[in-house]
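Structural overview for review
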Amino acid sequence: MLSNQYSIKEVKQIINAGGDLVNDDTISVLLTDSRRINTAAEGLFFALSGRRNGHEFIAGAYAAGVRNFVVKEGPELKLPDANFLIVIDVLAALQMLAAYHRARFNLEVIGITGSNGKTIVKEWLYQLMAIDKNIVRNPKSYNSQIGVPLSVWQINDNNNLGIFEAGISLPGEMDKLEAIIKPSIGVLTHLGTAHDEGFENTREKVLEKLKLFKNCSLLIHNYDQLLDYKKDMPEGKCFTWSRNFKQADLYVFSETVIKKNYYLRARFKENEIECLIPFLDQASIENAIVCWATLLALDYSPAETDKRMERLNPVSMRLELKMGINDCSVIDDSYNSDIQSLEIALNFLNQQNQHQKKTVILSDIFQSGLQEDVLYKQVAELIKSKNINKFIGVGAALEKYEAYFDMPEKHFYADTATLLNQLFALNFKEEAILIKGSRSFEFERVSRALSQKTHETVMEINLNALLGNLNYYKSKLKPGVKVMAMVKAFSYGSGTFELANMLQYNKVDYLAVAYTDEGVSLRQAGINLPIMVLNAEQSAFDKLTEYKLEPVIFSFGLFDDFIKYVRQNDLVNYPAHLKIDTGMHRLGFEPFDVEVLCDMLEVNKYVRICSVFSHLAASEAAEHDEFTAKQISRFEKAAKKIEKCLGYKIMKHLSNTSAITRWPSAQFDMVRLGIGLYGIDAAVAASDNALQPITSLKTSISQVKKVPAGDTVGYGRNGVMIKDGRIATVRIGYADGYLRAFGNGVGKMLVNGVLVPTIGNVSMDLCMIDVSNVEVKEGDEVIIFNEQHRIEELATQIGTIPYEILTNISQRVKRVYFYE
């Protein structure tokens, strides 16, 4: 039996489950997401309940071929040939099974925790020790209550070292992860403010993290971080490092920049040692020192450690989605390659509904811990299971095992240079392309060749932040309340299908757009969710019905026009929505119109009303709460009358973003989530860290000039240098969406961590900033807004709202989407 294969009878006994077994299947794969199912025949699906009830997805997993389930209650529908293991707590059962599996192996395990740097340290330790160890580790940042058991399940007989990170956000979580990981060696990374909100104070959080190390024989940590916790330390040996305490095991006393590398000198065992690190930012330096200390603590020689540290590669933990040539989409994951992260990347590729054709460019995979033929057989099976249309393999090993890849279109090349020479003969057109390679293959060259060329001003969109914001609002909803996501106006300037794909994949119930053309674009990109069109126009009825979009009827004239259209086109029960004006006074039937509207609805057989809704004018503002309460009351009365006259139940929705948290009583059947998805909500304080801005706007410096006092800058000579100084010209202007109102010192930009003012008028394509007090050079990055310099601050600078800033970012600004 393989080391991670169990009979379903064994699993039932391990997790103390009830339920009758109808067959004796073999289990080797643990599943928690019905959308990501591989090897269904040997899969065990855990119906986890969190923001959504996992039992709702049993039917989908069954349809995908899964026949074994761990559940809290049995299924309502009888599913033939399926085993249901019934437990009190599904998550606890998952953790129990993983802990049992871990206990079968007597391997050394490094457990890592901290506030920041866990994933980087884990990946760097893997790079440093994979030469002489067969290592199993978390994929990406799988460090949660679910991610850790899924990671530990990967342990097999070939592994002689495990490296697992553990993340927590609440008290009581670390004991569960420690029982699964069972580390013998502990590594503590940087302690910061992340997840402070889940604990009463910093001390409670640190003590919770230290529980991971309670059975460790060795703990590596920064001496300075735990000065106040000496009495709370685990009993095992400690190896300390410090930049201040001379008695630390590794005392770092000198730090110097040498030719874009960071040179460290330290005292270790009464000897002076050195280390060269190929990074300059402070976070990377601290993470590298943690790795340096870990290798020394594990008895690697200082010389060998230095040699390996100098070869550390950056860790790219996020996928980058961008526009490609010939209407392609390019997913850039060109800095790392292993079997676990390949599966994650393939899942993301399959979310790209805008292209039917899916292409993978993959390099040889190094240091997998598997025999070469076993590895590439697994890769080939994974590629096949994901229905990839075109496969391009690069490297000697992939060429050797070409026969494993049974697919209609496949190409193999010895190296990256050969691929680049023949790249355009492959005729990439209207396809989603995943580029995934080990760093030594330099696949960034392939990415550049396939990416659409645009200027250096870029809007970055963080899809993980979008998902986090969505889940925050879902957590505020009453049971059964649906979510309509507003993706109008190019998703508030952030994109169309890129965001809609993520929202569809994460089970929002409806999308809403402003105009028919926006809905058509989403349908053409493969979005099949119901889409409500807020401003349906008579001239677009043909397109609206052709693409199965649902119009909002807000006036008697529009009602008559649409009824006439559907009658002439023999459409029956076409879905539509009604809007009531409860005080916004923009669009909608007035409350006094409802009686006449009901008379018209009673004789209508061409349109089926799906929902009735209204729009709150000031749900975010406490000073207007009395007015908001009146709107809610008016809406309830109107909706009740309409539903009664129709004779069937319809959805009712009123809450916009701010109302979701401020007015729970107004959630009704569905809420409309708009700007909150993008990390902005006047009803949620930024200091709460509940929401994360999803967009960053960045550009770069074109030129730096010395300008004497009294000289003027820009059109109209409105910018005047008060004293001798320097200005930088940056690649953004009002044609990009950086409005002229930001000129002459009103706007501020972030350069090398310093806020600097604009000087002079903003031009069409460029503007100038005063950099007299900061060291800069041509090519340096300039941040217009991000999570530190927030878009709300820009809006305040020119007396507007964040919506206007976002939606004004022009289409010539390149959008790049990131997903971890």
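A brief look at the structure comes next. Per chain, residue numbering runs from 1 following the sequence as it is written. Reporting of local features is limited, given that this is a predicted model, to residues whose pLDDT is at least 70; pairs of side-chain atoms are given and counted only at 80 or more, and all residues count toward the totals for whole chains, interfaces and linings. Hydrogens are left out, water is left out, and the side-chain values use all remaining heavy atoms of the structure.

Put simply, DSSP H or I for four residues or longer makes a helix, DSSP E for two residues or longer makes a strand, and each gets a number counted from the N terminus. Considering the arrangement of structural elements, one finds His789 in the loop between strand S38 (781-785) and helix H24 (791-797). Here a polar contact is recorded for every N or O atom pair within 3.5 Å, except that within protein the pair must consist of a potential hydrogen donor and a potential acceptor, and residues adjacent in sequence are included only if both atoms are side-chain atoms. Among the polar contacts made by the side chain of His789, one reaches the side chain of Glu793 at a distance of 3.1 Å. Pairs of residues are marked as contacts when any of their non-hydrogen atoms sit within 4.5 Å. Leave out the neighbours within four places in its chain, and His789 touches Lys748, Met749, Leu750, Leu755, Ile783, Ile784, Leu794 and Gln797.

Moving on, we come to the sheet that holds strand S13 (residues 250-258). Each strand in a sheet pairs with its neighbour through backbone hydrogen bonds, running either in the same direction (parallel) or in the opposite one (antiparallel). At least two DSSP bridges between two strands are needed for those strands to be called paired. Spatially, the 9 strands line up as an open sheet ordered S8-S9-S7-S10-S11-S12-S13-S14-S15, and their pairing is mixed. The sheet is open, and its two borders are formed by strand S8 (135-137) and strand S15 (271-277), each paired with just one other strand. The average angle at which neighbouring strand axes cross in this sheet is 20°, direction not considered. Note that strand S11 (residues 218-222) and strand S12 (residues 237-242) share 5 bridges and pair parallel. Its bridge partner lying in S12, Leu218 is registered against Lys237. Geometry is summarised by axes, namely lines fitted to C-alpha atoms with helices restricted to the contacting stretch, and by angles between N-to-C directions that run from 0 to 180 degrees.

The definition of a nonpolar core used throughout is a set of buried Ala, Val, Leu, Ile, Met, Phe, Trp, Tyr and Cys residues joined through side-chain atoms within 4.5 Å. Working definition: with a 1.4 Å probe on protein chains only, accessible area under 20% of the residue-type maximum means buried, over 50% means exposed, and in between means partly exposed. If you look at the biggest cluster of nonpolar residues, it comprises 142 residues, and the most contacted ones within it are Val379, Leu511, Ile642 and Phe785. With sequence-adjacent residues up to four places away left out, Leu511 is seen in contact with Met484, Ala485, Val487, Ala500, Leu503, Leu522, Ile527, Leu529, Pro530, Ile531 and Met532. Residues Ala266, Ala288, Cys291 and Leu296 belong to the second largest nonpolar core, which totals 41 residues.

Turning our eyes to something else, we now look at the pattern of salt bridges. Whenever a carboxyl oxygen of Asp or Glu lies within 4 Å of a side-chain nitrogen of Lys or Arg, that contact is scored as a salt bridge. One pass over the structure, following the stated rule, counts 31 salt bridges. For Lys322, the salt bridge is made with Asp332, and the minimal N-O distance between the two is 3.5 Å. Of this pair, Lys322 sits in strand S16 (residues 319-323) while Asp332 sits in strand S17 (residues 329-333); the two residues are 10 residues apart in sequence, bridging distant segments of the chain. Of the two residues, Lys322 and Asp332, both sit in the buried class. With its nearest N and O atoms 3.2 Å apart, the salt bridge here joins Arg445 to Glu442. The exposure class of Arg445 is partly exposed, given its relative accessible area of 32%.

Pairing within the open sheet is parallel, and its 4 strands lie in the order S3-S4-S5-S6. Where the open sheet ends on each side, the last strands, each with one partner, are strand S3 (29-31) and strand S6 (83-86). Strand-to-strand, the axes of this sheet are offset by a mean angle of 25°, without reference to chain direction. Where helix H3 (residues 90-103) meets the sheet, its contacts fall on S3, strand S4 (43-46) and strand S5 (68-71), and the angle it forms with S4 comes to roughly 140°.

Below, the discussion takes up the environment of Gln367. Here Gln367 is to be found in the loop between strand S18 (357-363) and helix H11 (372-385). For Gln367, a relative accessible area of 41% corresponds to the partly exposed category. C-alpha separation for the pair Gln367 and Gly753, spaced 386 residues apart in sequence, amounts to 38 Å. Setting aside residues up to four positions removed in sequence, Gln367 forms contacts with Tyr126, Ala130 and Ile131.

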